[in-house]
Every structure is written in C-alpha cells, then in structure tokens.
Amino acid sequence: MAKVLRRATRTAAVPLIAAVIALGASPAIAQDREQVKVAFAHALPNVEGKRLVAVTVTYPPGAKSLAHHHAASAFIYAYVLSGVIRSQVGDEPAKIYHVGESFYEMPGSHHRVSENASETEPASLLAVFVLDSKDEPLTTPDKAPGSQ
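Next up on the list: the overall build of the protein chain. Counting its regular elements, the protein chain contains two helices and ten strands. The buried share among the 148 residues of the protein chain stands at 27%. Look at the contacts in the protein chain between residues 6 or more apart in sequence, and 69% of them connect residues 24 or more apart.

Among the structural elements, His70 can be located in strand β3 (residues 68-70). On the basis of relative accessible area, His70 is assigned to the buried category, the value being 14%. Of the polar contacts made by the side chain of His70, one reaches the backbone oxygen of Leu138; its length is 3.1 Å. Of note is the side chain of His70, whose polar atom sits 3.0 Å from the side chain of Thr139.

Counting 19 residues, the largest nonpolar core has Val55, Leu125, Phe129 and Leu131 as its most contacted members. Take this core: its biggest share by element is five residues, from strand β9 (residues 123-132).

Looking now at the sheet that holds strand β6 (residues 95-98). Read across the sheet, five strands follow the order β6-β5-β8-β3-β10 without closing on themselves; strand pairing throughout is antiparallel. The open sheet is flanked by β6 and β10 (139-141), the only strands paired with a single partner. Along the sheet, successive strands turn relative to each other by an average axial angle of 35 degrees, direction set aside. In this sheet, β10 lies alongside β3 in antiparallel orientation, the contact comprising three bridges. For His70, the partnering residue across the bridge sits in β10 and is Thr139.

Cut-offs and rules
Residues numbered from 1 in each chain as written. Predicted model: local features only at pLDDT ≥ 70, side-chain atom pairs only at ≥ 80, totals over all residues. Heavy atoms only, no water. Helix = DSSP H or I, 4+ residues; strand = E, 2+ residues; numbered from the N terminus. Buried < 20%, exposed > 50% of the residue type's maximum accessible area, 1.4 Å probe, protein only. Contact = heavy atoms within 4.5 Å. Polar contact = N/O pair within 3.5 Å; in protein donor to acceptor, adjacent residues only side chain to side chain. Core = buried A, V, L, I, M, F, W, Y, C linked by side-chain atoms within 4.5 Å. Pairing = 2+ DSSP bridges. Axes fitted to C-alpha atoms, helices over the stretch in contact; angles between N-to-C directions.

Take a look at the structure:
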C-alpha cells in the first residue's frame, strides 16, 4: 500500500513541477514574487475599442515584480492599498509610495522597479488599465540578460 501511495504522490507532483518550470519559477522564488488578480474588466461603452481592467497586486514582505512593459496602448493608474511600494518607471528615479498615494504610467513605459519596500510587512496596490480592447497581454516581463 505504501508503495502505491508513493507512486501516486510522485505522479501527482509531476504536472505541478512541470507547470512551475514552464512558468519560469521555482517554488522558493515564487514566494518572492507578486500575486496579481483581476478585480474588474469591462469594455468602455462610451469609448469604442477601449476597455478598463483593474487588478490588485499583492506583495509578500520583500517581494518584487520582474522589470516589465505593459500592453503598448495601456495608460495605468496605480493606487497603494496597503504597505509601502517602491516604483521606478522609465528613467525617473525610484520613488516610495505609502497607503493612499498613487502614480501613473504612460503608454509604452518601462516599469523598471515595482516592489514591496518593506522586508517585514506585506503591501498591495490597485492598478487600473485603460487600453485598446484587443491589446494583450497586460504585462510582459523583460527577458533575462542572455536569454533569447
């Protein structure tokens, strides 16, 4: 019986491990990354060809996002819901944002730094995207140096 259970456990773990590898993260690294959840998405009825998407981004203590670009048409408004967020967009200096503060990103911006500024407390923000209806994906991580 124990042999059957070990085999079943190994078999069940293989797809999970494959998924983690395919996403480019190890389980230990995944805990250092943000969690993104779509809170709202809807076509703008009074602006043909545009949609609004709101996402919550939650950072465990010390967690960060990879440097990234957003969809080419996306204008983004970000509002800090909890904790303290460090952000750097384009060539501007990195800035610290506290609860209730906000910032924005113009279409085509490069988000170089987006991270929890605290090593001990979680942080979260609401990011509201206004973008072309068919512009996907919302976020594309930069390629790692030396990758193709």
